[in-house]
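One letter stands for each residue in the lines below.
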Amino acid sequence: FKGKHGMKLQISYKREGYGFQCNAVCDDGYTFLFYFRHGNAPKLPEKFKHLNLSSTARRVVWLALRLPHMWTHIFMDNLFNSQKLITAFYLAKALAHGVCCTKHCGLPPSIIQSVEDNAKKAETLRGTTKSARL
């Protein structure tokens, strides 16, 4: 985007440099909800305050609270997943899962799958997962 606009952001990790960003709930080629990233993150109900969520997590939970059905399954990539966010989804009556980074994301060490350098052992681990009640 080349013009001037109040919602235009500098995107340091993109070659284009400037543009619009939004968080969105999408499935099967359809966008159900979105929230443009500008200004302060939306306010959440008081029951989320103790989690001290990041502004990105607050936007994602805000979107989840607007879904029409309780206990909707939400699939996410590693940009969003954290123990706090999964707890917030549970409070919002939504279920979430996906992959996550293993560093600096607040996950319990017991569920982080270690890297296996031995090729034979790595093959036996293929397809296995770890999970925990957070």
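Up top is the structure.
Residues numbered from 1 in each chain as written. Predicted model: local features only at pLDDT ≥ 70, side-chain atom pairs only at ≥ 80, totals over all residues. Heavy atoms only, no water.

A. Molecular detail of a nonpolar patch on the surface. A cluster of nonpolar side chains, contributed by Met70, Trp71, Tyr90 and Leu95, occupies part of the molecular surface with about 430 Å² of accessible area. The exposure class assigned to leucine 95 is partly exposed, which follows from its relative accessible area of 33%. (Patch = residues over 30% accessible without salt bridge, like charges linked within 9 Å, V, L, I, M, F, W, Y side chains within 5 Å. Areas by Shrake-Rupley, 256 points an atom, 1.4 Å probe, with all protein chains shown as cover. Salt bridge = Lys/Arg side-chain N within 4 Å of Asp/Glu carboxyl O. Buried < 20%, exposed > 50% of the residue type's maximum accessible area, 1.4 Å probe, protein only.)

B. Representation of helix H1 (residues 55–65) in the model. Counting buried residues along H1, eight of its 11 residues qualify, which places the element largely inside the surrounding structure. Each element contacted by the buried residues of H1 is listed here: strand S3 (22–27), strand S4 (30–36), strand S5 (72–76) and helix H2 (83–91). (Helix = DSSP H or I, 4+ residues; strand = E, 2+ residues; numbered from the N terminus. Contact = heavy atoms within 4.5 Å.)

C. Representation of the packing of aromatic side chains. Under the counting rule described, the total for this entry stands at three aromatic pairs. With 5.6 Å between their ring centres and 80 degrees between their planes, phenylalanine 34 and phenylalanine 36 make a pair best called edge-to-face. Residue classification places phenylalanine 34 among the partly exposed residues on the basis of a relative accessible area of 49%. Plain terms: the ring middles of tryptophan 71 and tyrosine 90 are 5.5 Å apart, the flat faces sit at 50 degrees to each other, and that makes the pair tilted. Here tryptophan 71, found in the loop between H1 and S5, pairs with tyrosine 90, found in helix H2; they are 19 residues apart in sequence, far enough to count as distant. (Phe/Tyr/Trp six-rings, centres within 6.5 Å; stacked < 30°, edge-to-face > 60°.)

D. Geometry of the nonpolar core. Membership of the largest hydrophobic core comes to 20 residues, with the highest contact counts inside it found for Phe48, Leu53, Val61, Ile74, Met76, Leu85 and Phe89. Elements represented by at least two residues in this core include exactly H1, S5, H2 and strand S6 (94–98). With six residues, the top contributor of residues to this core is H1. Setting aside residues no more than four positions away along its own chain, isoleucine 74 makes contact with Ala64, Leu67, Phe89, Ala94, Leu95, Ala96 and His97. (Core = buried A, V, L, I, M, F, W, Y, C linked by side-chain atoms within 4.5 Å.)

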